[in-house]
Amino acid sequence: MTESPDPNARDLIEFYLDAGADAFIGEEPVDRFALVDGPVAPKVAERPALVREAAPPIAAPARPAPQAPDEAATAARIAARSATTLDELRAIVEGFDGCALKATASRTVFSDGNPQARLMLVGEAPGRDEDIEGLPFVGRSGKLLNQMLKAIGLDRTSVYIANIVPWRPPGNRDPSPHESAICLPFILRQIQLVDPDVLVCLGKPSMQTLLGLMEPISKARGRWVTFNTGKRDIKALATFHPAFLLRSPLQKRFAWRDLLAIKKALKNG
């Protein structure tokens, strides 16, 4: 009697066929890697690797290693001390590479005005307009400063104007304490060479750096202090920066009081 095929086995075989299996293997596993007899696939000849001669690397231009802030400040002090005239100091500042701001600025903004002036004004750092023109206090803040000077009978030919930092910080940001400290010897030597009778710090950063006053400028402004130039003691005063007055016009009444005090000091001095 012939045994009928298992219907489950028939279904399994049809499943394999539908899945694409068209050959059967034995029930026992076979290690085909161990077979040595039988047809062997022909070995494809290896093509020689293409050897390309590497181009010599392009040497990057040598850059001086950046100085630590203390080292840069020391170098600035030594360099500034060697200047005997403002022209020599300008050349020294323009050739100084110890401050990273120089690499991002368009030009060195050294000063403007009369080197023989009795009144010296010192701001913080150049802005965009100053960086373009190479002069301190131009643009809107410069126009306001001109009007402030005119109100007490002065102009740019009768004052001397400079900044703590001679290079514009990127994006008009405030100079860092390290950047100001590196550039401090240059502005101190500038004050010595100009030797004014009255020094006016425009804005809080200038006030803090030169006069050492850490209180808010709203409290410190208008108060006379003594500043030693290295040669003699002179009068010094802090007032609002013209850029601040443009943003806060109500503070102009206090700046006007400071201007009258400056006018009086120049008259009596």
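Just so it is clear, the model here is predicted, and its values are computed rather than measured.

Okay, the confidence of the model for the chain next. Looking at the chain, the pLDDT average stands at 86 and 75% of residues meet or exceed 70. Across residues 47-52, where pLDDT falls below 50, the model places zero contacts with residues more than four positions away in sequence or in other chains.

The subject of this paragraph is the packing of aromatic side chains. Counted by the stated rule, this structure contains two aromatic pairs. Taking 5.1 Å as the distance between ring centres and 75° as the angle between the ring planes, the aromatic pair formed by Phe96 and Phe186 counts as edge-to-face. A residue pair is termed long-range when its members are at least 10 positions apart, and Phe96 in the loop between helix H3 (86-94) and helix H4 (101-104) and Phe186 in helix H7 (residues 177-194) qualify at 90 residues. Given the relative accessible area of 3%, Phe186 is considered buried. Where Phe240 meets Phe244, the ring centres are 4.9 Å apart and the plane angle is 35°; that geometry is what we call tilted. By relative accessible area, Phe240 is classed as buried at 4%. A cation over a ring is seen here: Lys235 above Trp224, with NZ or CZ 5.7 Å from the ring centre.

What follows is about the sheet that holds strand S6 (residues 233-239). Strands sit in the order S1-S3-S2-S4-S6-S5 across an open sheet of six strands; the sheet is mixed. Whereas interior strands pair on both sides, the edge strands pair on one side only; in this sheet they are strand S1 (112-113) and strand S5 (225-228). Sheet strands in contact with helix H11 (residues 252-268) are strand S2 (119-123), strand S4 (198-202) and S6, and its direction is about 165° off that of S6.

This paragraph deals with the side chain of Asp258. Considering the arrangement of structural elements, one finds Asp258 in helix H11. Among the polar contacts listed, one links the side chain of Asp258 to the side chain of Thr239, at a separation of 2.6 Å.

As a further point, take the nonpolar core. One finds Leu119, Met120, Leu121, Leu199, Leu210 and Leu211 to be the most contacted residues of the largest nonpolar core, which totals 62 residues. Beyond its immediate chain neighbours, meaning those up to four positions away, Leu121 contacts Leu145, Leu149, Val159, Tyr160, Ile161, Ala162, Val200 and Leu202.

What counts and how
- Residues numbered from 1 in each chain as written.
- Predicted model: local features only at pLDDT ≥ 70, side-chain atom pairs only at ≥ 80, totals over all residues.
- Heavy atoms only, no water.
- pLDDT = per-residue confidence, 0-100.
- Contact = heavy atoms within 4.5 Å.
- Phe/Tyr/Trp six-rings, centres within 6.5 Å; stacked < 30°, edge-to-face > 60°.
- Helix = DSSP H or I, 4+ residues; strand = E, 2+ residues; numbered from the N terminus.
- Buried < 20%, exposed > 50% of the residue type's maximum accessible area, 1.4 Å probe, protein only.
- Lys NZ or Arg CZ within 6 Å of the ring centre and 35° of its normal.
- Pairing = 2+ DSSP bridges.
- Axes fitted to C-alpha atoms, helices over the stretch in contact; angles between N-to-C directions.
- Polar contact = N/O pair within 3.5 Å; in protein donor to acceptor, adjacent residues only side chain to side chain.
- Core = buried A, V, L, I, M, F, W, Y, C linked by side-chain atoms within 4.5 Å.

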